[in-house]
Amino acid sequence: MKFKGTVWMAALFLGLVLYYYLVDIPAEKKQIEEKERSGKIILFETEKVEGFIFENKGSALHFKRKSSTDWELLKPVQAKADTETVSSFLSFLQSAKFSRIVEDSAKDLSVYGLKKPSMKITLQLKGEDNKTLLVGDDHPMSKYLYVKRADDNKVLLAGANRNVFDKSLFDFRDKILLQFKDEEIAGIKFLSDGESFGLNKQGGQWDIVDGRKTQADGDEVKNFLRLVRNFKVKKFLDEKPDSLASYGLDAPLMRLTLETGKEGEALALLVGKKFEDEGYFGKIENANNIVLLGNQLVKTLSKKAVDFMPKTLLGFKQEDVSKIQLETDDEKILLARKKEGDWKLIKPIEADADVSTVNSLLFDLKSARVKEYVKTSFTEAELFGLDSPKKIMTVDFGDEKPWTLELGNKSSDGQNYFGRRAGEALIFSIGTDTVDKLFRSLHDLKNKKLLNFEKDAVQKIVLEYPDKTFEMQKSKEDWSLTKPEKIKTVQGFIGKDILWSLNGLEYQSIVDPPLDDKDSGMSQPTVTVTVWAGKDKKVAGKIIVGKKVEDKAEYFARVEGNSNLYRIKAGLLESLPKDVQKFKNQ
């Protein structure tokens, strides 16, 4: 009996659950939907709208759906409608609600401006009767509007202001000038002031055709097409002009042609006379109507072949570069890549180069961009200072022909250099900031490290001060102090910090002419640091630090085995321990 009772209770519970989910929830959802629907100013589903008529201020705009997304204007002109504006308008209308019923059965609609409504919207619905909404006056105490459904006597107060309803023919009309996709365009032709040139695409590569064939900058072409695709009509002026001559379109000032590669599918935009300060008269070649084009659009169309020239100064792979030569009025530097991939200075001195600095220079060269092409011929070299270049950069690629950049005068504002690539007729400008990155000094390019050793191989460090000496020994990973007293295990970071400071130590400058040992402090050093490496503990590096440089946070220094006298930053001395307490574990 107990088991049967349990089964009965479970069945009852399951029945209640099913009733809740199958009956209560749908009923509640239906009530919510009904309440939602009852508050709307007009009931319809946007996807069922096949067309609509919008009457506003005495004019009637007729629309017809062409597809799920596209709309067409039928009256007062036949033209493509602005899909986004139409969809947005219908979505607003479908979701718009009224805040209250003003009158259930109004006897005098003129009180609300609904006898002769300022706006009237008639929706043509698939499988349903037309639905019409009348829009009257503004409410005197708010921004809301009086509205009425044509098939209902109730006057409603719509929770929306007039601006949302108040659309014009211009608002609803598609204003895009040229409809195309970038990948469809195979050629572009420009005609301006009697001069013409073209851009042709072959295998994804754009070329400039203007009596010669030159590679174009693909990014510049893409950017141009993007701008043209996004430009819109400023005004629709004349739907059926009697003559093109009055607009200057019988002999256009400019002509842009976009070719798809398919016969009869070219798009052409004509630009005529200037219309006051507002813009220019324009026309799509296969359309009848005259439009007003904005000044910015015409400026964009005023392109020259040189505007599409590649802006990359030099395209290359860093690993292909074998030599770099930099020539200025002050010095001539030659760098060569060593077999192992490092770089060496050949001129004006032979020395190891700073590999990171050379790689940085090559990265900057790869990133360098031409600011602007200013001349297509090399006939006025003196004017740009290119008859006797101020700076020359040559990059050698082994067996290939070297590439050379020549730079002449600066621009009048001092922000750019005029330059050219040797063997080319084009003269261009390049930013002084870019030039400064490319023409590094000998000091920047030299390897300025004073010591060269493997940190992990070091077994012994000795710091010799005038009044004391610290000697450290390494066993496996631990360091101990043997002088001036024995400390079995020193603070773990001390040995690593000393080696890190020594291994990264760079000189600031070479003292030339050198000072004698007394003046530089070499005869009585501030500190001498020696490191031993390997099992046999051979000297891996020794630096002697002398006096402080007057009025500078620098010291004189010398490396054993090197006759040069250097200046180093004071940071090295600040990083070295000077007291035995520093070695002790706290």
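Whatever comes next refers back to the structure up there.
Throughout this description, residue numbers start from 1 for each chain and increase along the sequence as written. Under the rules for a predicted model, residues below a pLDDT of 70 receive no local features and side-chain atom pairs below 80 are neither given nor counted, while totals for whole chains, interfaces and linings still include all residues. Side-chain numbers here rest on the full set of heavy atoms in the structure, without hydrogens or water.

K.L.:
With reference to specific residues and values, describe the overall build of the protein chain.
P.N.:
Along the backbone of the protein chain there are 12 helices and 35 strands. Restricting the calculation to C-alpha atoms gives the radius of gyration, and the globule rule supplies 2.2 Å times the number of residues raised to the power 0.38. Computed over its C-alpha atoms, the radius of gyration of the protein chain comes to 41 Å, more than 25% above the 25 Å expected for a compact globule of 586 residues. Expressed as lengths along the three principal axes of its C-alpha atoms, the size of the protein chain is roughly 115 × 105 × 50 Å. Any residue under 20% of the maximum accessible area for its type is buried, any over 50% is exposed, and the rest in between are partly exposed; the area is computed with a 1.4 Å probe on protein chains only. By the burial criterion, 41% of the 586 residues in the protein chain qualify as buried. When checking whether two residues touch, look at their non-hydrogen atoms; a contact exists if any pair is within 4.5 Å. Sequence-distant contacts, at least 24 apart, represent 56% of the contacts inside the protein chain between residues at least 6 apart. Here the protein chain displays about 33,500 Å² of accessible surface, and carbon together with sulfur accounts for 49% of that area. A run of DSSP states H or I qualifies as a helix once it reaches four residues; a run of E qualifies as a strand once it reaches two. Both are numbered from the N-terminal end. Every accessible area reported is derived by Shrake-Rupley at a probe size of 1.4 Å, with residue values counting cover from the shown protein chains alone.

K.L.:
Describe the environment of Glu47, naming the residues involved and giving the relevant values.
P.N.:
Take Glu47: it is sitting in the loop between helix 1 (2-38) and strand 1 (49-56). A sequence separation of 234 residues divides Glu47 from Phe281, and the C-alpha atoms of the two residues are 38 Å apart. At 3.3 Å, the side chain of Glu47 and the side chain of Thr46 are in polar contact. Pairs of N or O atoms are called polar contacts if they sit within 3.5 Å, as long as, within protein, a hydrogen donor faces a hydrogen acceptor (for residues adjacent in sequence, only side-chain-to-side-chain pairs).

K.L.:
So what's going on with the pairing of strand 2 (residues 59-65)? Residues and values would help.
P.N.:
As paired strands, strand 1 and strand 2 are joined by 6 bridges and run antiparallel to one another. Opposite Gly51, over in strand 2, you have Lys64 as the bridge partner. Between strand 1 and strand 2, which pair antiparallel and follow one another directly, the connecting turn spans 2 residues, one of which, Lys57, has a positive phi of 55°. The hairpin formed by strand 2 and strand 3 (residues 71-75) contains 5 residues between the paired strands. Criterion used throughout: strands pair if DSSP finds at least two bridges between them.

K.L.:
An account of the sheet that holds strand 32 (residues 527-533) is needed here, citing residue identities and associated values.
P.N.:
Sheets are built from strands that pair by backbone hydrogen bonding, the pairs being arranged parallel or antiparallel. Read across the open sheet, the 8 strands follow the order 30-29-28-32-33-34-35-31; overall the sheet is antiparallel. Unpaired on one side and paired on the other, strand 30 (478-483) and strand 31 (507-510) mark the two borders of the sheet. Strand-to-strand, the axes of this sheet are offset by a mean angle of 25°, without reference to chain direction. Note that strand 28 (residues 458-464) and strand 32 share 6 bridges and pair antiparallel. Across the sheet, the residue bridging to Ile461 is Val531, located in strand 32. Note on geometry: axes are C-alpha line fits, over the in-contact stretch for helices, and angles between N-to-C directions span 0 to 180 degrees.

K.L.:
Account for helix 5 (residues 218-230), with residues named and values stated.
P.N.:
With 13 residues, helix 5 extends 19 Å from end C-alpha to end C-alpha; this agrees with the ideal 18 Å at 1.5 Å per step. Restricting attention to buried positions, one finds in helix 5 the residues Val221, Phe224, Leu225 and Val228. Across the axial projection of helix 5, the buried residues extend over an arc of 95°, all falling on one side. Of the exposed residues in helix 5, the ones pointing more than 90 degrees away from its buried face are Asp219 and Lys222. Those residues of helix 5 hidden inside the fold are in contact with strand 10 (187-192), strand 11 (195-202), strand 12 (205-209), strand 15 (254-259) and helix 6 (295-301). Capping the start of helix 5, Asp217 holds a side-chain oxygen 3.0 Å from the backbone nitrogen of Asp219, two or three residues further along. To estimate the expected span of a helix, subtract one from its residue number and multiply by 1.5 Å. Note that the arc is computed from the directions linking the helix axis to the C-beta atoms.

K.L.:
Report on the nonpolar core, specifying residues and quantitative values.
P.N.:
Here, the term nonpolar core denotes a set of buried Ala, Val, Leu, Ile, Met, Phe, Trp, Tyr and Cys residues that are joined through side-chain atoms within 4.5 Å. In this structure, Ile188, Leu199, Leu313, Ile324 and Met393 are the most contacted members of the largest nonpolar core, which totals 66 residues. If we ignore the near neighbours within four places in the chain, the residues touching Leu199 are Ala186, Gly187, Ile188, Phe190, Trp206, Asp207, Ile208, Ala216, Val221 and Phe308. Among the nonpolar cores identified, the runner-up in size contains 35 residues, and Tyr465, Ile498, Tyr507 and Val531 belong to it.

K.L.:
Give a description of the environment of Arg65 that names residues and reports values.
P.N.:
Position of Arg65 relative to the elements: it lies in strand 2. In sequence terms Arg65 and Phe52 are 13 residues apart; their C-alpha atoms lie 8.9 Å from each other. Leaving out residues up to four positions away in the same chain, Arg65 has contacts with Thr46, Glu47, Val49, Glu50, Asp70 and Trp71. A distance of 2.9 Å separates a polar atom in the side chain of Arg65 from the backbone oxygen of Thr46. Reaching out from Arg65, the side chain makes a polar contact with the backbone oxygen of Ser68 at a distance of 3.1 Å.

K.L.:
Give me the lowdown on the side chain of Thr530, citing residues and values where you can.
P.N.:
Turning to its location among the elements, Thr530 is positioned in strand 32. Using a relative accessible area of 4% as the deciding quantity, one classes Thr530 as buried. Non-local contacts of Thr530, meaning those with residues more than four positions away in its chain, are made with Lys460, Ile461, Val462, Glu464, Val539, Gly541 and Lys542.

K.L.:
Tell me about the side chain of Asp217, and name the residues and values.
P.N.:
Its location among the elements puts Asp217 in the loop between strand 13 (213-215) and helix 5. The exposure class assigned to Asp217 is buried, which follows from its relative accessible area of 7%. A distance of 3.0 Å separates a polar atom in the side chain of Asp217 from the backbone nitrogen of Lys311.

K.L.:
If you had to explain the pairing of strand 27 (residues 427-431) to someone new, which residues and values would you point to?
P.N.:
Along strand 27, 5 of the 5 residues are buried, which leaves the element largely enclosed by surrounding structure. Residues Ile427, Ser429 and Gly431 point to one face of strand 27 and Phe428 and Ile430 to the other, with burial holding for every one of them. Counting the residues that bridge the hairpin from strand 26 (residues 416-421) to strand 27 gives 5 residues, and of these Gly423 lies at a positive phi of roughly 95°.

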